[in-house]
Amino acid sequence: MSQPPETIDHPATRTAGRLITELSREETAAWCAAAGQPAYRADQIRQWLYRRRASSFDAMRDLPAKLRERLAGDFRLFASDVVRHQVAQDRTEKLLLRLSDGEDVECVLMREPGRVTLCISTQVGCAMGCVFCASGLLGVKRNLTTGEILEQVLRLDRLLADDERITNIVVMGMGEPLANLQNLLPALETLRADDGFGLGARRITVSTVGLPAKMRELAARGTPYNLAVSLHAPNDELRTQIVPVNAGIGIDSILAAADDYFERTGRRVTYEYVLLQGVNDETSHALQLADLLWGRNAHVNVIPMNSVAAVELHGSSNDRAGRFVGTLSSRGINVTVRKRKGADIDAACGQLRLHELTAPHGNAPSS
Ligand code: SAH
């Protein structure tokens with residue numbers, strides 16, 4: 001497992017030509033005031049960013065031309081170039097964005113009837129080192145800024161048809177969201193805000209490897225985000241093999257923090273469990289997991305592993321997965337199996353960036 005560098009914040013946040021999405025509503029209003037503009041201009045700007053899908057300042061038609069020029073002089077609207085855009089057979093779409101410092105970040109759009117879910121990243125790479133995951137293979141490079149987190153939503157939103165709307169967000173892309181909570185929280189505020197994307201907290205899921213102190217910090221805010229905890233094993237010995245960061249944490253303290261989250265927010269916690277053939281998919285593991293979660297208001301989401309080049313592990317066979325899930329439900333545990341989306345475009349987190357880093361193939365969008 002690689003250690004994060006001392007500071008992994010992106011230095012470009014405080015320089016000129018700032019990314020407009022780094023600004024809160026209040027900061028946008030303050031900028032308008034300084035520019036001698038009425039307060040409602042801030043609302044208009046945010047409308048164009050988060051509702052009206054503007055792709056340039058010039059497209060913000062109901063702003064005076066002078067103001068549009070001034071915005072373009074002071075800010076950037078986007079922080080990245082789209083270097084790959086892939087569309088899967090099931091209409092899942094994936095973007096690889098190249099940030100201003102050359103780092104790559106991935107985000108995914110998934111469609112189901114009546115539902116459009118985005119999966120977004122919070123860090124370049126990941127420090128957690130889960131053995132089956134592509135994102136962590138090369139360690140963490142840096143945190144994404146608030147604007148860079150929102151940028152993924154802006155970019156994907158602009159791929160939607162006029163009558164399509166984002167309905168759900170899962171923070172399950174690259175990185176450990178709770179290791180970058182300070183930049184993630186303002187982004188989540190904009191996703192929820194009435195003058196932002198207007199999504200209810202219940203439509204937003206934050207997935208964590210299980211960092212108890214940060215889980216409690218999020219719980220203390222009381223906002224009912226969905227929390228998903230990547231458990232992947234029913235005992236510490238096995239979990240530490242699969243999720244090395246567990247060595248200094250332990251399942252008990254994670255479950256206690258998850259219970260606290262439920263108490264403070266009223267949201268039932270989801271436990272994610274990637275089934276790895278011959279590693280964590282025995283009936284004895286299912287029984288141990290059922291014991292662990294018994295009496296808790298919990299839900300288990302079993303995830304078929306997406307194969308990752310350079311990783312020797314494989315997903316469990318359908319037979320073994322079926323037996324595992326059957327054992328859990330026979331013990332009274334709520335369990336669902338995650339649907340696979342976008343399998344033909346390497347949609348599992350970190351796969352595309354890894355591919356770019358190990359086999360560069362130019363900048364041409366692939367679709
Ligand atoms: N760091 C956070 C969020 C990012 S990963 C976390 O650990 O939860 C989001 C989910 O995808 C996690 O449950 C993670 O374990 C899972 N995941 C990562 N790589 C995967 C793969 N190759 N196949 C299936 N699930 C994977």
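Just so it is clear, the model here is predicted, and its values are computed rather than measured.

Draft legend 1. The arrangement of the site of the ligand in detail. Close to the ligand lie 20 residues, the nearest being E176, S207, S230, H232 and N306. Between the ligand and the protein, one listed contact pairs an oxygen atom with a side-chain N or O atom of S207 at 2.6 Å. In the environment of the ligand, an oxygen atom lies 3.5 Å from a nitrogen or oxygen atom belonging to the backbone of T208. Among the secondary structure elements, those contributing two or more residues to the shell around the ligand are β10 (204–208), β12 (269–275) and β13 (298–304).

Draft legend 2. Representation of the packing of aromatic side chains. Evaluation of the coordinates by the stated rule reveals three aromatic pairs. With 4.9 Å between their ring centres and 35 degrees between their planes, Y273 and F324 make a pair best called tilted. Remark: F324 occurs in helix α10 (residues 318–330) and Y273 occurs in strand β12; sequence separation between them is 51 residues. Summarising the burial analysis for this pair, Y273 and F324 share the class buried. Sitting over the ring of W48, R52 keeps its end group 3.9 Å from the ring centre.

Draft legend 3. Looking closely at the pattern of salt bridges. Per the stated rule, a full pass over the model turns up 24 salt bridges. With a shortest N-O distance of 3.5 Å, E151 and R155 are connected by a salt bridge. On the criterion of helical spacing, the pair formed by E151 and R155 is a turn pair, its members being four residues apart in helix α4 (residues 146–157). For E151, a relative accessible area of 1% gives the class buried. For R155, a relative accessible area of 17% corresponds to the buried category. Via salt bridges that share partners, R25, E26, R46 and D195 belong to a single interconnected network.

Draft legend 4. Expanded view of unusual backbone geometry. Look at R53: it is not a glycine, yet its phi comes out positive at around 55 degrees. Here R53 lies in the loop between α2 (40–50) and α3 (65–74). Given a relative accessible area of 15%, R53 falls into the buried group. Positive phi, close to 70 degrees, is recorded for R91, a residue that is not glycine. Turning to its location among the elements, R91 is positioned in the loop between β3 (80–87) and β4 (93–99).

Draft legend 5. Region of the structure containing the side chain of T21. One can find T21 in the loop between β1 (18–19) and α1 (25–34). Exposure remark for T21: the relative accessible area of 1% places this residue in the buried category. Non-local contacts of T21, meaning those with residues more than four positions away in its chain, are made with Y50, T146, G147, L150 and L154.

Draft legend 6. Spotlight on the confidence of the model for the chain. On average, residues of the chain score 91 in pLDDT, and 90% of them are at 70 or above. Note that residues 11–16 has pLDDT below 50 and, in this model, three contacts with residues that lie over four places away or in other chains. Residue range residues 360–367 is modelled with pLDDT below 50. Its contacts to residues more than four positions away, or to other chains, number 17 contacts.

Cut-off values and rules
Residues numbered from 1 in each chain as written. Predicted model: local features only at pLDDT ≥ 70, side-chain atom pairs only at ≥ 80, totals over all residues. Heavy atoms only, no water. Near = heavy atom within 4 Å. Polar contact = N/O pair within 3.5 Å; in protein donor to acceptor, adjacent residues only side chain to side chain. Helix = DSSP H or I, 4+ residues; strand = E, 2+ residues; numbered from the N terminus. Phe/Tyr/Trp six-rings, centres within 6.5 Å; stacked < 30°, edge-to-face > 60°. Buried < 20%, exposed > 50% of the residue type's maximum accessible area, 1.4 Å probe, protein only. Lys NZ or Arg CZ within 6 Å of the ring centre and 35° of its normal. Salt bridge = Lys/Arg side-chain N within 4 Å of Asp/Glu carboxyl O. Contact = heavy atoms within 4.5 Å. pLDDT = per-residue confidence, 0-100.

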